[in-house]
Amino acid sequence: MEINLEQAHLHKLLRDPAKRDEGFRRLMKIYGERLYWHIRRIVVGHDDAEDVLQETCIKILSAIDSLQSGDRLMTWIYSIATNESLRHLRRQTRLFQNIDSLGPALTSKLEAENQIDGQVVEMAFQKALLTLPTQQRIAFYMRYYDEMSYDEIASITGKNIGTLKTNYHYATEKIKKYIQNYSL
């Protein structure tokens, strides 16, 4: 398969110190935008997403030697990006009781950045997402936006597949309920 050959080639470039820069440029060309949006959905703000993406890149480069040739590259980098995003949210929670209490602050950031272009239904959807507990939100994002399988999400988050399915189910139910009650 072509994708597997590309993955193997990227692995080889990234593990070779002489070709690491080329490998990293290629990695970011393939995954950079997807990583940015994955991070942005978790941390919401553009500036925060840029900061977390930069931290993610630093972690990727510093942990390259731990990458095994059998590891799925996308799963590995998404795992780093997810952990860095959560670390960023935890730093913000010093002002709050816990990470799940950030919802109102993230909603304000969403509205302030006006990333929705005034579409009422889309804004309701985004606000609904921000009312979810963090683990439900992440499971929903990866399944809905990134179209990942539960196996992939489990590899990234370290969560049990049953737990992820439950989180996704509860997330969809809460989103439906929120949108039904949202004053359009």
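Residues numbered from 1 in each chain as written. Predicted model: local features only at pLDDT ≥ 70, side-chain atom pairs only at ≥ 80, totals over all residues. Heavy atoms only, no water.

### Things to note about the packing of aromatic side chains
And step 1. Tallying each qualifying case throughout the model produces 8 aromatic pairs.
And step 2. For the pair Phe140 and Tyr168, a centre-to-centre distance of 5.4 Å together with 15° between the ring planes defines the contact as stacked. Of this pair, Phe140 sits in helix α7 (residues 134–144) while Tyr168 sits in helix α9 (residues 161–181), placing them 28 residues apart in sequence. Comparing Phe140 with Tyr168, the two get one shared label, buried.
And step 3. One aromatic cluster in this structure is built from Phe125, Phe140, Tyr141, Tyr144, Tyr145, Tyr150 and Tyr168.
And step 4. The aromatic ring of Tyr150 is capped on one face by Arg143, whose charged end is 4.2 Å from the ring centroid. (Phe/Tyr/Trp six-rings, centres within 6.5 Å; stacked < 30°, edge-to-face > 60°. Helix = DSSP H or I, 4+ residues; strand = E, 2+ residues; numbered from the N terminus. Buried < 20%, exposed > 50% of the residue type's maximum accessible area, 1.4 Å probe, protein only. Lys NZ or Arg CZ within 6 Å of the ring centre and 35° of its normal.)

### Focus on the packing of helix α8 (residues 150–157) against α9
And step 1. Interhelical geometry of α8 versus α9 gives an angle of 105° and a closest axis separation of 9 Å. The angle between α8 and α9 places the two elements in the roughly perpendicular class. Across the interface between the two elements, Tyr150, Asp151, Ile153, Ala154 and Thr157 of α8 pack against Ile161, Leu164, Lys165 and Tyr168 of α9.
And step 2. The residue inventory of the contact of α8 with α9, partitioned by class, reads 6 nonpolar, 1 polar and 2 charged. (Axes fitted to C-alpha atoms, helices over the stretch in contact; angles between N-to-C directions. Parallel < 35°, antiparallel > 145°, perpendicular 65-115°, else oblique. Contact = heavy atoms within 4.5 Å. Nonpolar A, V, L, I, M, F, W, Y, C, P; charged D, E, K, R; others polar.)

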